[in-house]
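The residues making up each chain are set out below.
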Amino acid sequence: MAINAALTSLTWKGVAVPAVGSVSISVTRPALDITPIGTPTQQYIAGVAGATATLDLFFDEGDAPHWTMLTDIQTATAAGSLVITLENGTTVTGDAFVTSYEITAQAQSVVRATVQFQYTTAASSTANPVAIA
């Protein structure tokens, strides 16, 4: 069944983030090369899972959550909860750090901000970086 891409809500550290234009989520698990020297073909094992999220916002300097994310990139020492909920009820939940915040403005246009997150888990955790339910 196809998932409706309509975004219902997005929260950062428990606070709803307004004016989200789009969201993308990437879950990866790169292969690790374990090929012994002298072997004629490459050999791999599954690597460590990771996940990122990218938000495209209609930037508004009056929206506190927009400033919180910008401040977090410079000062946060702990990951925050990032919850993305789609219209069909599917949620993507995990703890993340803000890793990039780019504000783009063009003449005669709406100011946009692109915010990137890196999901993380506790050092001793064997859990996946995000839960999709």
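Just so we're clear, the structure is a prediction, and the values are computed from it rather than from any experiment.

The next subject is the overall build of the protein. Scanning the protein from terminus to terminus reveals 1 helix and 10 strands. N-terminal to C-terminal, the α/β element order of the protein is β-β-β-β-β-β-α-β-β-β-β. When the 133 residues of the protein are sorted by exposure, 26% land in the buried category. Across the protein, contacts joining residues at least 24 apart in sequence account for 60% of those joining residues at least 6 apart. Just so you have it, the protein exposes about 8,200 Å², and 55% of that area is on carbon and sulfur atoms.

Side-chain alternation along strand β9 (residues 112-120) places Ala113, Val115, Phe117 and Tyr119 on a buried face and Arg112, Thr114, Gln116, Gln118 and Thr120 on a face that remains uncovered. Here 7 bridges tie strand β6 (residues 50-58) to β9, and the two strands are oriented antiparallel to one another. Note that in β9 the partner of Phe58 across the bridge is Arg112. Bridging between strand β8 (residues 91-104) and β9 involves 9 bridges; their strand directions are antiparallel. Note on β9: the bridge partner recorded for Ser100 is Gln116.

Along its 12 residues, helix α1 (residues 64-75) runs 16 Å from first to last C-alpha, staying within 8% of the 16 Å computed at 1.5 Å per residue. Inspection of α1 places Pro65, His66, Met69, Leu70 and Asp72 among the buried residues, and these make up the whole buried set. Looking down the long axis of α1, one finds its buried residues gathered within 155° of arc, a one-sided arrangement. What points out from α1, more than 90 degrees from its buried face, is the exposed set Ala64, Gln74 and Thr75. Buried residues along α1 sit in contact with β1 (7-12), β2 (15-16), β6, β8 and β9.

Our focus in this paragraph is the confidence of the model for the protein. Any region with low pLDDT has predicted coordinates that should not be read closely. The pLDDT averaged across the protein works out to 85; a share of 89% of its residues lies at or above 70. Across the protein, element-level confidence peaks in β2 with a mean pLDDT of 94 and bottoms out in strand β10 (residues 131-132) with 74.

Under the counting rule described, the total for this entry stands at 2 salt bridges. Salt-bridge contacts for Lys13 lead to Asp72; the nearest nitrogen and oxygen are separated by 2.9 Å. Of the two residues, Lys13 sits in the loop between β1 and β2 while Asp72 sits in helix α1, which places them 59 residues apart along the sequence. Judged by its relative accessible area of 38%, Lys13 is partly exposed. Arg112 is the salt-bridge partner of Asp56, the closest N and O atoms lying 2.2 Å from each other. Placement of the pair is Asp56 in strand β6 and Arg112 in strand β9, with a sequence separation of 56 residues.

About the cut-offs
Residues take numbers from 1 onward in each chain, read along the sequence in its written order. Two thresholds apply to this predicted model, a pLDDT of at least 70 for residue-level local features and 80 or more for giving and counting side-chain atom pairs, whereas whole-chain, interface and lining totals are computed over all residues. Side-chain numbers here rest on the full set of heavy atoms in the structure, without hydrogens or water. Note on conventions: DSSP H or I runs of at least 4 residues are helices, E runs of at least 2 residues are strands, and numbering of each starts at the N terminus. The classification of residues rests on relative accessible area computed with a 1.4 Å probe and restricted to protein chains. Under 20% of the type maximum is buried, over 50% is exposed, and intermediate values are partly exposed. Residue contacts follow a heavy-atom distance rule, with two residues in contact if any of their heavy atoms lie within 4.5 Å. Throughout, the Shrake-Rupley method with a 1.4 Å probe supplies accessible areas, and for residues the shown protein chains are the sole cover considered. Think of it this way: DSSP has to see at least two bridges between two strands before they count as a pair. Take the number of residues in a helix, subtract one, and multiply by 1.5 Å to get its expected span. The arc in question is the one spanned by the directions pointing from the helix axis to the C-beta atoms. Summary of the metric used: pLDDT quantifies the predictor's per-residue confidence within the range 0 to 100. A carboxyl oxygen of Asp or Glu within 4 Å of a side-chain nitrogen of Lys or Arg is what we treat as a salt bridge.

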